[in-house]
Structures are given as C-alpha cells and as structure tokens.
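Structural overview
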Amino acid sequence: MTRAGLLAGTLLVVPTLAMPAAGQTSPLLPMQVERGFSVEVAHPSFKELEMTAATSVWHLGGSLPLLVPGLRAVIDVPVAYAALDGALGELSGSSTVLGNPYLGVEYSLRSFLVLEGGIRAPLTTADAESYADVVGFLADVSRGEAFLEDVFPVALGARVEHRIRPDLSLTARLGTVQAFYTGDDEDLSSTTFVDYGVGTNWTRGAARVGAGVGGRWDASTDEGKFGENSLHQLGITADVALGPVRPGLSLRVPLDQDHRDILKASVGAYVQIPLR
C-alpha cells in the first residue's frame, strides 16, 4: 500500500470524496480581483489524525485582462505541505506536493454574469511516497482535482450576482467538469460532475463579510440517492481593505456526515493584491 493510500484508509475516505470539481478559486471565497494576484493558505483539522500546525494547503492565484473587453486569464498553483505530529504506521516525517495548476479564462458577459472555463494540467508531483496530496484534497473537496493523480479535468461554469442594495449582494454558481481519467486502471473511466453554490456578501466601509454553501454532485453514477453522491460545505469569510490590499480570514466546515467523520474544519487566511 502506498503512503497516500494508507493515509486515505486511515481517514476512512469514502468514494464520493474522490470527485474532482471545477474552478480556480474556492466557490466559498471572494472572487479574484480583475488584475492582480492572491495568496490563500488553509490549515485542515482532522478527527483521527494529528498534524502539526505547519500543515497547510496553499493556492497562489493570478488574473490578467486580455485584449477582448471583459475577458481575462486566470491561473492557480496549488501546493500542499503535511507533517505528522508523531508517526502513524508507515507514515512519518513530512511531505510536500505541487498540485495540478489551473489555467483558464473568465468572460463578463453582463455586469451580473461571468462565464468561466479552464483545465487543470496533470503536473502534480504526488507519488507513492507522498501524502500531502491527500491532505490537500481533503482540505477543500471543491478543488479536490488540484491534488489528484491521473486525472485531466475540463471545466465550464457560470456565476451570477444580484445586488439587493449597495452593501448587500447574493451570488450563485453552477458548473460542470468532465474528469478524463488518464491512468492504467481499466475499472476507472471519465466522469461528469456538477458543482453548485449560493452565497451572500455584506460590505460596511472597508470591511466585507461573506457566507455561503457549496456542493458537488456525481452525475455519472446510477447507484445511490442524491445525498449519497454529493458533498456540501459551509464557508464563512471576513476581510478588510488596507489601501489596495485586502487580507482576510476563512472557515470551511463540512456538512455531510461522512465528510464530518474525517474533517473537523479548514481554517485559513488569504490576501488579494490588485495591480495597476
């Protein structure tokens, strides 16, 4: 058994947790700035596994407007670091993994509607000896494909925003991903997933608070009910503008029992830095 496989077994990973999802940023985080970059870090807390405080999952993102008005390129580079607080069977020490980078575009079709599409290039450094990729996957299942091996996801999605009043807005996202399997296991094949979420953002002066629920459904399986083939998580964010820079804090909590049996929560921080 590989180290990643042993860790996954220890955490009681269920099949539904292996669903890739679309998107460059988590649907439970604020949208990326029009031109600039962002840094996000999250520390997952597990129920049955003791990790050091340095265990973290990083997403380094950027966006740049293209020649066509309303069109921009986006990128996300995921990195996971995991260190056990002690030893667990064959697992010990630490592990660092570069995930699958996201390359995509977003197009503002209307002031309230953004279309998105992209891929995650299968360039992960995960191997039979690593386990940071498993930690990275479980930290935010809405972007689990960032740390999966032998998967080439192609994603499409749309986001809408309805402003109720100047300081309060509602957002929704619907997307799909075709996950092409590139490995040698004849029992696995390409799969289609549906990604969705709703949220709200409230602004007061330089401060901003957001909350939302995101979910993902395996649309390819014929077995089980919707609840057995989907996962959901609650996200809460708070940030403040310090000049052009906006630092913030985030919290993601799993809502499904199978997921809660593994992960308590992911607590993180992020910063958005616009460029002129």
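If you're wondering where the values come from, they're calculated on a predicted model, not measured in any experiment. For every chain, the first residue of the written sequence is number 1, and numbering continues from 1 along that sequence. Reporting of local features is limited, given that this is a predicted model, to residues whose pLDDT is at least 70; pairs of side-chain atoms are given and counted only at 80 or more, and all residues count toward the totals for whole chains, interfaces and linings. Side-chain metrics rest on all non-hydrogen atoms present in the structure, leaving aside hydrogens and water.

Considerations on the confidence of the model for the protein chain
With 86% of its residues at a pLDDT of 70 or more, the protein chain shows a mean pLDDT of 85. Values of pLDDT, the confidence the predictor places in each residue, fall between 0 and 100. Here, two residues are considered to be in contact whenever any of their heavy atoms come within 4.5 Å of each other. Long-range and interchain partners of residues 1-24, a stretch whose pLDDT sits below 50, account for 90 contacts in this model, where long-range means more than four residues apart.

Side note on a nonpolar patch on the surface
A grouping of V198, V213, L234, I236 and L255 is seen on the molecular surface, where their side chains present a nonpolar patch of about 360 Å² in accessible area. Secondary structure elements follow DSSP: runs of H or I no shorter than four residues count as helices, runs of E no shorter than two count as strands, and numbering proceeds from the N terminus. Along the chain, L255 turns up in the loop between β12 (246-254) and α3 (257-260). By definition, no residue in a patch forms a salt bridge, and every one has over 30% relative accessible area; like charges are joined within 9 Å, nonpolar side chains (Val, Leu, Ile, Met, Phe, Trp, Tyr) within 5 Å. We get accessible surface area from the Shrake-Rupley algorithm with a probe of 1.4 Å; when it comes to residues, only the shown protein chains can shield them. Each reported salt bridge corresponds to a side-chain nitrogen of Lys or Arg within 4 Å of a carboxyl oxygen of Asp or Glu.

Overview of the nonpolar core
Core analysis: the largest hydrophobic core is formed by 26 residues, its most contacted members being F46, M51, A82, L138 and F147. Mapped by element, the contributors of at least two residues to this core are β3 (71-83), α2 (132-139), β7 (151-165) and β8 (168-181). Looking at which element gives the most residues to this core, the answer is α2, with 6 residues. Apart from the residues lying within four places of it in its own chain, the contact partners of M51 are F46, A82, A83, L84, D85, Y131 and V135. Definition of nonpolar core: a set of buried residues of the types Ala, Val, Leu, Ile, Met, Phe, Trp, Tyr and Cys, connected through side-chain atoms within 4.5 Å. A 1.4 Å probe rolled over the protein chains alone gives each residue an accessible area, and that area as a share of the maximum for its type sets the label: buried under 20%, exposed over 50%, partly exposed in between.

Examining the environment of D167
Along the chain, the position of D167 falls in the loop between β7 and β8. Along the sequence, D167 and W202 sit 35 residues apart, while their C-alpha atoms lie 5.6 Å from each other. Those residues within four positions of D167 in sequence are excluded, and the remaining contacts are N201, W202 and T203. Think of a polar contact as two N or O atoms within 3.5 Å of one another; within protein, one of them needs to be a possible hydrogen donor and the other a possible acceptor, and neighboring residues in sequence only count if both atoms come from side chains. Polar contacts involving the side chain of D167 include one to the side chain of R165, which spans 2.7 Å.

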